[in-house]
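Architecture at a glance
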Amino acid sequence: MFTHLHVHTEFSLLDGLPRLNKLTARAQELGMKNLAITDHGVMYGAHKFYQSCQYAEIKPIIGCEMYVSARKHSQKVAKLDERSFHLVLLAENEQGYKNLLKLVSLA
């Protein structure tokens, strides 16, 4: 069974479109058993997503698409820091979720 592991929602400004309730309802219609959210640098929708998945009988996979850089944003060097990278992180369990919350908060 296919599982989307990189999905942006309404909480990824300028990049995500689907509302959480509609997203999980559509996944349920398609017979999906699992679904992930990986919004850009935020986890505002994690709790609502979890609840929506529980209602739709879908296993929620909570994640975040993080920004990776060589230095702090206040220490950028022209030409040297032009390239940016993203890294998708997924929580495997409750401890992973807590770790992800801490990373996002620190960032």
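We now turn to the structure provided with this report. Quick caveat: nothing in here was measured; it's all calculated off a predicted structure. Residue numbering note: each chain is counted from 1, following its sequence as written. Whole-chain, interface and lining totals are the exception, using all residues; otherwise, since this is a predicted model, local features are given only for residues with pLDDT of at least 70 and side-chain atom pairs are given and counted only at 80 or more. Values shown for side chains rest on all heavy atoms present in the structure; no hydrogens or waters enter the calculation.

The helix count covers DSSP runs of H or I at least four residues long, the strand count covers runs of E at least two residues long, and both are numbered beginning at the N terminus. Regarding its fold elements, the chain presents three helices and three strands. Each of the three principal axes of the chain carries a C-alpha extent, and together these read 50 × 30 × 25 Å. Across the chain, every contact between residues at least 6 apart in sequence was considered, and the portion connecting residues at least 24 apart equals 62%. A residue counts as positive if it is Lys or Arg and as negative if it is Asp or Glu; His and the chain ends are not included. To locate a charge, take NZ of a lysine, CZ of an arginine, CG of an aspartate or CD of a glutamate. Across the chain, 13 positive and 10 negative side-chain charges occur, with their mean positions spaced 4 Å apart. In what follows, a contact means two residues having at least one pair of non-hydrogen atoms within 4.5 Å.

Turning our attention to the nonpolar core. In this structure, Leu35, Met43, Phe49, Ile58 and Cys64 are the most contacted members of the largest nonpolar core, which totals 19 residues. Only α1 (20-29), β1 (34-40), α2 (46-56), β2 (59-68) and α3 (94-106) provide two or more residues apiece to this core. Per-element accounting of this core gives the leading share, four residues, to α2. Excluding residues that lie within four positions of it along the chain, Phe49 makes contacts with Leu20, Thr24, Leu35, Ala36, Ile37, Pro60, Ile61 and Ile62. Buried Ala, Val, Leu, Ile, Met, Phe, Trp, Tyr and Cys residues form a nonpolar core when they are joined through side-chain atoms within 4.5 Å. Accessibility here uses a 1.4 Å probe with only protein chains present; expressed as a share of the type maximum, an area under 20% marks a residue as buried, one over 50% as exposed, and anything in between as partly exposed.

A few words on the pattern of salt bridges. Any carboxyl oxygen of Asp or Glu within 4 Å of a side-chain nitrogen of Lys or Arg constitutes a salt bridge here. Overall, the coordinates contain three salt bridges when judged by the stated rule. With a shortest N-O distance of 3.0 Å, Arg19 and Glu10 are connected by a salt bridge. Between Glu29 and Arg26 there is a salt bridge; the shortest N-O distance is 3.0 Å. Of this pair, Glu29 and Arg26 both sit in helix α1, separated by three residues, roughly a single helical turn.

A few words on the state of the cysteines. When the sulfur atoms of two cysteines share a covalent bond, that bond is a disulfide. By convention in this document, the label disulfide applies to cysteine sulfur atom pairs within 2.5 Å. Scanning the model with the defined rule gives zero disulfides in all. Cys64 provides the cysteine sulfur closest to Cys53, a residue in no disulfide bond, and the two sulfurs are 16 Å apart. Note on Cys64: relative accessible area 0%, which makes it buried.

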